[in-house]
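# Descriptive structure summary
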Amino acid sequence: DVKVTQSSRYLVKRTGEKVFLECVQDMDHENMFWYRQDPGLGLRLIYFSYDVKMKEKGDIPEGYSVSREKKERFSLILESASTNQTSMYLCASSWTGGAQYGYTFGSGTRLTVV
Amino acid sequence: GENVEQHPSTLSVQEGDSAVIKCTYSDSASNYFPWYKQELGKRPQLIIDIRSNVGEKKDQRIAVTLNKTAKHFSLHITETQPEDSAVYFCAALIGINFNKFYFGSGTKLNVKP
């Protein structure tokens, strides 16, 4: 029973392309998050959203933007992909006030920028 | 902001031995500390957590301890098995309303049969 779905498992894009990573959750969670995962650096927060059309920068927002037009969907946008954005991207969601029950993660999108 | 440091980055143990992973955090306001296990090619999964009003929590072969004064918490795995091999992440949550975690850099645990 998959609850957080990321649309692509693997993506290969060219430098300079505009890239969209999609995440959908079916748990009616208010909060959604985008992380990138790199060896030795763990999970670093790019952006998060606590409500529809609301967004907050995380620790590494440069080069990224997000969109949350509907509660269930949170999109990560790479405006002009660069090779240093090659990474594993993980989406997660949680309830407001319920984060202490943990996140639910998507399966990840491995993005390669060539 | 919060800073979570995790050690060691890699850990190799013999099957049946114990494994301990340690994390420290910087913000004394942090009040919830989950641990996630990520198997190769899979999503991180919550395996155990502890709140700031508790010093220790145990679930079968895994346990977590928290020292609020020293601002560190640890994951203990006893009688390790090959299926325990994975990357483990610690995290710290600041306040209920912040709703975001700060993660450690991860520990790759290898349990040798």
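Treat the numbers as computed from the prediction; the structure is a model and nothing was measured. (Residues numbered from 1 in each chain as written. Chains lettered and ligands numbered in written order. Predicted model: local features only at pLDDT ≥ 70, side-chain atom pairs only at ≥ 80, totals over all residues. Heavy atoms only, no water.)

### Examining the state of the cysteines
Residue and element names in this part refer to chain B. The criterion, for reference: Sulfur atoms of two cysteines make up a disulfide when they are within 2.5 Å. Only runs of H or I of at least four residues qualify as helices and only runs of E of at least two qualify as strands under DSSP, and these elements are numbered from the N terminus. Each residue is placed in one exposure class: buried if its accessible area under a 1.4 Å probe, protein chains only, is under 20% of its type's maximum, exposed if it is over 50%, and partly exposed if it falls in between.
A full pass over the atoms with the stated rule returns two disulfides over all chains. Put simply, Cys 23 and Cys 90 are joined by a disulfide, and their sulfur atoms are 1.9 Å apart. With the S-S dihedral at roughly -100 degrees, the linkage between Cys 23 and Cys 90 falls on the left-handed side. Here Cys 23, found in strand S3 (residues 19-25), pairs with Cys 90, found in strand S9 (residues 86-94); they are 67 residues apart in sequence, far enough to count as distant. Note on Cys 23: relative accessible area 0%, which makes it buried.

### What to know about the side chain of Ser 87 of chain A
All names here are of chain A. Using the following cut-off: Throughout this description, a polar contact denotes any pair of N or O atoms lying within 3.5 Å of each other; where both atoms belong to protein, one of them has to be capable of donating a hydrogen while the other can accept it, and for residues adjacent in sequence the pair is counted only when both atoms sit in side chains. Note on contacts: a residue pair qualifies if any of its non-hydrogen atoms lie within 4.5 Å across the two residues.
Mapped onto the elements, Ser 87 comes out in strand S9 (residues 87-94). Looking at Ser 87, its side chain comes within polar contact range of the side chain of Arg 36, at 3.4 Å. A distance of 3.1 Å separates a polar side-chain atom of Ser 87 from the backbone oxygen of Gln 37. For Ser 87, the residues in contact, after removing those within four places along its chain, are Arg 36, Gln 37, Asp 38, Thr 109, Arg 110 and Leu 111.

### A short note on the pairing of strand S11 (residues 107-112) of chain B
Residues and elements named next belong to chain B. Cut-off, in case you're wondering: We call two strands paired when DSSP finds no fewer than two bridges between them.
Side chains Thr 107, Leu 109 and Val 111 project from S11 onto a buried face, and the interleaved Lys 108, Asn 110 and Lys 112 project onto a face without burial. Relative to S11, strand S2 (residues 10-14) is paired through five bridges, and the arrangement is parallel. For Leu 11, the partnering residue across the bridge sits in S11 and is Leu 109. Relative to S11, S9 runs antiparallel, the two sharing three bridges. When the bridges of S11 are listed, Val 87 appears paired with Lys 108.

### Side note on the pairing of strand S7 (residues 64-70) of chain A
Residues and elements named next belong to chain A. In the sheet, S7 pairs with strand S8 (residues 73-78) via five bridges, with the strands oriented antiparallel. Along S8, the bridge assignment pairs Ser 65 with Ile 77. Connecting S7 to the antiparallel partner S8 that follows it, the hairpin turn spans two residues.

### Thoughts on the pattern of salt bridges
All names here are of chain A. The criterion, for reference: Whenever Lys or Arg places a side-chain nitrogen within 4 Å of a carboxyl oxygen from Asp or Glu, that contact is recorded as a salt bridge.
This structure, assessed with the given rule, holds eight salt bridges over all chains. When the shortest N-O distance is used, the salt bridge between Asp 38 and Arg 36 registers 2.8 Å. In this pair, the class of Asp 38 matches that of Arg 36, namely buried. Two residues, Lys 53 and Glu 69, come together in a salt bridge whose shortest N-O distance is 2.4 Å. Pair noted here: Lys 53 is in the loop between strand S5 (42-51) and strand S6 (54-57) and Glu 69 is in strand S7, with a separation of 16 residues, a long-range link. A residue is classified by how much of its surface remains accessible, and Lys 53, at 57% relative accessible area, is exposed. With a relative accessible area of 51%, Glu 69 lands in the exposed category. Linked by salt bridges that have partners in common, Arg 36, Asp 38 and Arg 44 make up one network.

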